[in-house]
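# Secondary and tertiary structure notes
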Amino acid sequence: MIAFDAASGGNVANGASPVAFNHTITGSNTLLLVGVEHSAGASAVAVTYNGVAMTELVTNTNQSQKGRLFGLLNPTAGTNSVSVSWAGGLQYVRVCAASYTGVLQRGLPDASNSNDSA
């Protein structure tokens, strides 16, 4: 059964890269998801957890901002750093992380869907 583990986050104004904060993961068969919302202008965004690159799962764009979702199966347990860096100028970046236990450890992602009504 999938269960919520923990949440954390950070943000920055005026585009100073990177955003970094700690996230604590406990349990087994874990999944870490990191959501990144930022103003338009970044040519590339990279997310790591404990120095391990995360996979970009979804990107959603409108005229003035982008939302991205990154995932990592079986991240290192304990308290480690989430780091979000980018190329290009940004006015703001907001980041949130959530971890889950009891997740199937293959097939990331097994399905996805997005909708932008703006």
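The coordinates are above.
Report on the accompanying structure. Just so it is clear, the model here is predicted, and its values are computed rather than measured.

Turning to the sheet that holds strand S2 (residues 19-25), a few remarks are in order. As summarised here, the arrangement of the 4 strands in space is S2-S8-S4-S5, forming an open sheet in which the pairing is antiparallel. Each of the sheet's edge strands pairs with one partner strand only, and the pair in question is S2 and strand S5 (52-53). The sheet contact formed by strand S4 (residues 44-49) and strand S8 (residues 78-87) spans 6 bridges and is antiparallel. Residue pairing across strands places alanine 46 opposite serine 85, the latter belonging to S8.

Let us look at unusual backbone geometry. Of note in the backbone geometry, asparagine 50 takes a positive phi value of approximately 55° without being a glycine. Along the chain, asparagine 50 falls in the loop between S4 and S5. Positive phi outside glycine occurs at asparagine 74, with the angle close to 50°. Structurally, the position occupied by asparagine 74 is in the loop between strand S7 (65-73) and S8.

Another point: the environment of threonine 30. Within the secondary structure layout, threonine 30 lies in the loop between S2 and strand S3 (31-39). The class of threonine 30 is buried, set by a relative accessible area of 2%. In this structure the C-alpha to C-alpha distance between threonine 30 and leucine 104, which are 74 residues apart in sequence, comes to 8.3 Å. Setting aside anything within four residues of it in sequence, one finds threonine 30 in contact with Ile25, Leu72, Leu73, Asn74, Pro75, Tyr100, Thr101 and Gln105.

The rules behind each value
Residues numbered from 1 in each chain as written. Predicted model: local features only at pLDDT ≥ 70, side-chain atom pairs only at ≥ 80, totals over all residues. Heavy atoms only, no water. Pairing = 2+ DSSP bridges. Helix = DSSP H or I, 4+ residues; strand = E, 2+ residues; numbered from the N terminus. Buried < 20%, exposed > 50% of the residue type's maximum accessible area, 1.4 Å probe, protein only. Contact = heavy atoms within 4.5 Å.

By themselves, these observations are geometric and do not establish any function.
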